[in-house]
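Letter by letter, the chains look like this.
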Amino acid sequence: MSFLQWVYDKHIKALEERDDLDFDVLHQNMLKAKWDYFESLSKDEAAEFMHNISKQKEDFYRELLEINGDILACCGLSFQQFYEKVDSALCKLLVGGGILLDPTCSKLLLVQSAISGKYDLPKGKVDPGESVQDAAIRNIENRAGYSAILDEETPTIENRHKGCLVTLFYVRNVPIDFTFSPRYDKVVSGVEFFDLDKIKLNGYYGKRYDKCVTRIVTTFLQDIKTYCRNVKIQNGVFL
């Protein structure tokens, strides 16, 4: 079964008779459908699927609605209006994750995408009814294979990325020699510590530029460095 038919059968068909579509719910359903379908694929199929859907999002929605055009008629919307409403629901999504630091606060743990090859912070969306803190613990465990202990006093940092509100929790004293075993091995192909001072603001790493971090890493980079500098000062480390 194609992904389009999968999404339609599981999450769209029940909405055909309604004229009051909740686009926030629809967007959540689409994300769930994408993950469900992703889980049914092999590693190679999953990588190709995620690459294609991220590059052709508008085409995907257009083809989806062509399965049954009655949805647009019921809503009284053009395709472009429908697409903009669904896409704007993304801005209401919450993301939780972690900034994992080694004991010296000089190295940052990043996870490599099995799809793009870029290195990112271990993070993911907050599920309905889930707290940001619980989502961060879950996403760190799933993507980095590390069990973080977070509480109300754990320092956090927030910023917006592609419309989503991203909340990251600082996790210190992560052992360098820890064996990281990500649960989402279709999403993550590797886990690695990066020297903070070698991450460039243009996203490249090191002298040979053979590794690249995501934009969200560079967005938070200066704040992370400031946090680490303050920790070192508090601990009496000579800078």
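A few points on the structure. (Residues numbered from 1 in each chain as written. Predicted model: local features only at pLDDT ≥ 70, side-chain atom pairs only at ≥ 80, totals over all residues. Heavy atoms only, no water.)

Side note on the pattern of salt bridges
Here is step 1: This structure, assessed with the given rule, holds eight salt bridges.
Here is step 2: A salt bridge links Asp127 to Lys125; the nearest nitrogen and oxygen atoms lie 2.8 Å apart.
Here is step 3: On the basis of relative accessibility, which here comes to 30%, the residue Asp127 falls in the partly exposed class.
Here is step 4: Overall, Lys125 belongs to the partly exposed group, its relative accessible area being 28%.
Here is step 5: Three or more residues are tied together by salt bridges with common partners; here these are Lys125, Asp127, Glu130 and Arg138. (Salt bridge = Lys/Arg side-chain N within 4 Å of Asp/Glu carboxyl O. Buried < 20%, exposed > 50% of the residue type's maximum accessible area, 1.4 Å probe, protein only.)

Overview of the sheet that holds strand S6 (residues 164–171)
Here is step 1: The strand order across the open sheet built from four strands is S4-S1-S6-S5, with neighbouring strands paired in mixed fashion. For this open sheet the edge positions go to strand S4 (123–125) and strand S5 (156–161), each flanked by a neighbour on one side alone. Taking the axes of each pair of neighbouring strands and ignoring which way they run, one obtains an average angle of 20 degrees across the sheet.
Here is step 2: As judged from the three bridges shared by strand S1 (residues 94–100) and S4, these two strands associate in the antiparallel manner. Within the sheet, the bridge partner assigned to Gly96 lies in S4 and is Gly124.
Here is step 3: The sheet strands contacting helix H8 (residues 215–234) are S1, S4, S5 and S6, and the helix crosses S5 at an angle near 155 degrees. (Pairing = 2+ DSSP bridges. Helix = DSSP H or I, 4+ residues; strand = E, 2+ residues; numbered from the N terminus. Axes fitted to C-alpha atoms, helices over the stretch in contact; angles between N-to-C directions. Contact = heavy atoms within 4.5 Å.)

Purely geometric numbers; function is a separate question.
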